[in-house]
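# Descriptive analysis of the structure
Next come the chains, spelled out residue by residue.
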Amino acid sequence: MPSKPLVIVTRRLPELVEARMMELFNTRLSASDSPLDKETLIEAVKEADILVPTVTDKIDSEIINQASSKLKLIANFGNGIDHIDIDTALKKKIIVTNTPGVLTEDTADMVMSLLLAVPRKIIEGEKLIRSGSWRGWSPTHMMGRRIWGKRLGIIGMGSIGQALARRAKGFGLNIHYHNRNRLPEVIEDSLDATFWEDLDQMLPKMDILSVNCPSTPETYHLLSRERLSNLQAHAYIINTSRGKVIDEEALADLLSQSKIAGAGLDVFEREPSVSKVLLGAPNTVLLPHMGSATVEARIEMGEKVIINIQTLLNGHRPPDRILND
Ligand code: 8YV
């Protein structure tokens, strides 16, 4: 590896991060901040020693297989790595890293924002005021649903799921969760969390669901049409993880038929496109994948990317490398 490796960054990062990367490495920044197309990504992996992609770059086997032997590290700017073919990268001895930990609290805040916004009709109320058609207070106007005392089912109890549980407990929600592995008893106790080994048993009992598991082949459409149909009609769904975990078309249908009470979605199956049915669905708050969009998180994500690169250059194994399950 050259002492100043060529680092290709696919999107614009916070200025502070870009400046530091320019000082430390031979960094090629993105000029346009638009997602790179396949050909440009292939050119990048042929040239770079290190690639810094984001969730908007689909780095599949076709791209990785064309990488030159110079490419040693894909240092993803972000936590989720479902857009990168990890198996192929590891087979080619390319290390892949992500940025865990630094976006946990901000993403959990975003879940809480949606969890409050949907049942309490926050966006509807705001739109009404701005439309100029508010006629004043009325006892039966803008009635939402109480969240205190309701059952929250968290699907995926990793660090974000747990950060959400801590917040939700303070809002009087009863915490339930489904996860590949049960949490240690001491954590369960501190969160008053009930573990459901069988997702199908948990779903019909929940008032609010939050998706916090990663997108993997196993979690693809985990919330399938059949499972969504088993929710109570007053249930709300929040998704800040990845769109692919939910069958989006089925969710849109069920929302339109009032078989699910509402949804708060920060992620979608085919970003940036959002299905028309979903756009027209009632009681639905849709956000443009902004769960971790705080200045603090973006800078710390950049710092993690830099640490992962620098550690490799120093001859050590980067701290946030992805190992195969
Ligand atoms: C990031 C995310 O903003 O980290 C993740 O997995 O989904 C987002 O919050 C995005 O991935 C940046 O690449």
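Above this text sits the structure in question.
Below is a summary of the structure that appears in this document. Every value quoted in this text rests on a predicted model; they were computed, and no experiment measured them.

Where side chains of opposite charge bring their charged atoms close, a pairing between them can arise. Taken as a whole, this structure holds 18 salt bridges when the rule is applied. The shortest N-O distance in the salt bridge between Lys-169 and Asp-192 comes to 3.8 Å. Of this pair, Lys-169 sits in helix H7 (residues 159-170) while Asp-192 sits in the loop between helix H8 (185-191) and strand E8 (194-195), placing them 23 residues apart in sequence. Asp-192 sits in the exposed class, given a relative accessible area of 53%.

In the structure shown here, the tally under the stated rule is 1 cavity of 30 Å³ or more. In this structure, the largest cavity encloses a volume near 30 Å³. Contributing to the lining of the largest cavity are Asn-239, Gly-243, Ile-246, Glu-248, Leu-251, Leu-265 and Val-267. Of the residues in the lining of the largest cavity, the class split is 4 nonpolar, 2 polar and 1 charged.

This brings us to the layout of surface pockets. Considered as a void within the structure, the second largest pocket measures approximately 210 Å³ in volume. No other element matches helix H2 (residues 38-47), which puts 4 residues into the lining of the second largest pocket. Of the residues contributing to the lining of the second largest pocket, the split by class is 6 nonpolar, 4 polar and 3 charged.

Between helix H1 (residues 15-24) and helix H13 (residues 295-313), whose axes approach to 9 Å, the crossing angle comes to 15°. One way to sum up the angle between H1 and H13 is to call them roughly parallel. Seen along the crossing, H1 lies across H13 with a hand that is right-handed. Contact residues: H1 offers Leu-16, Val-17, Arg-20, Met-21 and Leu-24, while H13 offers Arg-298, Ile-299, Gly-302, Val-305, Ile-306, Ile-309 and Gln-310. Classifying every residue of the contact of H1 with H13 gives 8 nonpolar, 2 polar and 2 charged.

Calculation rules
Residues numbered from 1 in each chain as written. Predicted model: local features only at pLDDT ≥ 70, side-chain atom pairs only at ≥ 80, totals over all residues. Heavy atoms only, no water. Salt bridge = Lys/Arg side-chain N within 4 Å of Asp/Glu carboxyl O. Helix = DSSP H or I, 4+ residues; strand = E, 2+ residues; numbered from the N terminus. Buried < 20%, exposed > 50% of the residue type's maximum accessible area, 1.4 Å probe, protein only. 1 Å grid on protein atoms, 1.4 Å probe; cavity = no way out; pocket = protein on both sides within 12 Å on 5 of 7 lines; lining within 4 Å. Points joined across faces, edges and corners; volume = space filled by probe spheres on them. Nonpolar A, V, L, I, M, F, W, Y, C, P; charged D, E, K, R; others polar. Axes fitted to C-alpha atoms, helices over the stretch in contact; angles between N-to-C directions. Parallel < 35°, antiparallel > 145°, perpendicular 65-115°, else oblique. Left-handed = near helix turned anticlockwise from the far one by under 90°. Contact = heavy atoms within 4.5 Å.

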